[in-house]
Every structure is written in structure tokens, then in C-alpha cells.
Amino acid sequence: MKVCVFPGSFDPITSGHIDLVRRALPLFDQIIIAVGVNNAKQRLFPLEKSMNWIQQCFPNEARVSVRSYEGLTVDFCRSVKAEFLLRGLRSTSDFDYEKTISQMNNIIGKGTETVFLISQPEYSHISSTIVREIIKGGADVSPFVPEAIKAEISDFYGKNHK
Ligand code: ADP
């Protein structure tokens, strides 16, 4: 069985992430969206909220699940018996960053292979970092986040950060 981990911060999940998972589904039997917990980095949205939003984006897809993890991504892969990692490439700067991590993960993960999908042109400008800035600035994020959760994201921010 081909199990793949899609690691990231997903703070919050965007339409770019969703597109990547949809396109990766034919390649794997199971995709685990793994939200990395890094206590040194403050999230805009709580971990549980972010995970709940991811779940809401795949209501009828039993092959997609959501987990959180701490520590090395390859250790998490081992714990769920995943041999593959999924990452998206939006630009050459993504490539430069991902190349080294993928090579290191292959060594420390003893053969863990990273599969890269190039982002579709209509999503390649979307990043969680910029979506967070837009939310903080009070502008409409609906062009960048999944339809199912866009209202919740704005409401949650409005209620908890004003
Ligand atoms: P971001 O890089 O947007 O802050 P994450 O750390 O959660 O968000 O990213 C997790 C993975 O998703 C990374 O491999 C990243 O390249 C990929 N990704 C993020 N946004 C997109 C997008 N718009 N298109 C394709 N891949 C993306």
C-alpha cells in the first residue's frame, strides 16, 4: 500500500494545498495531511482549528486523513508506515529550499522519497503566509481558501483577534 505524508503548517489550508492533494490522490492509496507542530513558531490559527478545517475540505474522501506531529517529518513517516512525502513547488525558491530537505530526508529517512508536484498556474501565487497577512489586514480571502471554510476562517479571526 502506498502511503504518503503531506507535511506543512497549513495555517490555514489554502486552495493551493487542496489542489495538490486532489492531484496526488491517483498516485497513492492514502494521503495523510500532517500538520507540523513547532512550539518555537506561533500559529495564527490554533492547531485543532486548522486540522478541523482540513477535515472539512475532504468530507467524502476516506483516503485522506489529518494528523499532527512533532519532531522530524521522517520519524512521523516511519510511525505511520509512509514511504512517500508530498510537497508542492510554486517557484524556484521553493525548489531550492525543498531540494536540500528532500535529499536529507532521503538519507535520514532511509529511502523516504519526496514526490513533487508543480503547482497549477492558477494556484502558484497562493501561500499560507500571504493569506495570513490578508486576513490580518481585514481583506477578503475567498479567492485563496476553499469555499467550504472561507466564512469560518474570517469569522474565527474576527472573533478571536480583534
Ligand atoms: P506555505 O508554504 O503556503 O506557507 P505550508 O508550509 O503549509 O504552507 O506548505 C506545505 C506544502 O504545500 C509545501 O510543500 C508547499 O510548497 C505546498 N504548497 C503551499 N501552497 C501551495 C500552492 N499554492 N500550490 C502548490 N503547493 C503549495
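Above: the structure in question.
Residues numbered from 1 in each chain as written. Predicted model: local features only at pLDDT ≥ 70, side-chain atom pairs only at ≥ 80, totals over all residues. Heavy atoms only, no water.

Caption draft 1: Broad picture of the packing of aromatic side chains. This structure, assessed with the given rule, holds 6 aromatic pairs. Here F6 and F10 contribute two aromatic rings whose centre-to-centre distance is 5.1 Å and whose plane-to-plane angle is 75°, an arrangement assigned as edge-to-face. Measuring from centroid to centroid gives 5.0 Å for F45 and W53, while their planes differ by 75°, and the two rings are edge-to-face. Of the two residues, F45 and W53, neither departs from the other in class, the shared state being buried. (Phe/Tyr/Trp six-rings, centres within 6.5 Å; stacked < 30°, edge-to-face > 60°. Buried < 20%, exposed > 50% of the residue type's maximum accessible area, 1.4 Å probe, protein only.)

Caption draft 2: Structural view of the sheet that holds strand β1 (residues 3-8). With respect to topology, 5 strands assemble into an open sheet ordered β3-β2-β1-β4-β5, the strand pairing being parallel. In the strand order of this sheet, the two ends are held by β3 (64-70) and β5 (113-118), each with one partner. Averaged over all neighbouring strand pairs, the angle between strand axes comes to 35°, with direction disregarded. Bridging between β1 and strand β2 (residues 30-37) involves 6 bridges; their strand directions are parallel. Within β2, the residue paired with P7 across the bridge is A34. Seen against the sheet, helix α2 (residues 47-57) touches β2 and β3 and runs at an angle of roughly 160° to β3. (Pairing = 2+ DSSP bridges. Helix = DSSP H or I, 4+ residues; strand = E, 2+ residues; numbered from the N terminus. Axes fitted to C-alpha atoms, helices over the stretch in contact; angles between N-to-C directions. Contact = heavy atoms within 4.5 Å.)

Caption draft 3: View of the nonpolar core. By size, the foremost hydrophobic cluster in this structure holds 36 residues, and its most contacted members are F6, I31, I33 and F45. Counting only elements with at least two residues in this core, the list comes to β1, α1 (15-24), β2, α2, β3, β4 (84-89), α5 (128-136) and α6 (150-161). The dominant element in this core, judged by the number of residues it contributes, is α2, at 5 residues. Among all residues touching I31, those that are not within four sequence positions of it are C4, F6, V21, A24, L25, R63, V64 and S65. (Core = buried A, V, L, I, M, F, W, Y, C linked by side-chain atoms within 4.5 Å.)

Caption draft 4: Fine view of a nonpolar patch on the surface. A cluster of nonpolar residues, L72, I107 and I108, forms a patch on the protein surface that exposes about 300 Å² of accessible area. Secondary-structure assignment places I107 in helix α4 (residues 92-108). (Patch = residues over 30% accessible without salt bridge, like charges linked within 9 Å, V, L, I, M, F, W, Y side chains within 5 Å. Areas by Shrake-Rupley, 256 points an atom, 1.4 Å probe, with all protein chains shown as cover. Salt bridge = Lys/Arg side-chain N within 4 Å of Asp/Glu carboxyl O.)

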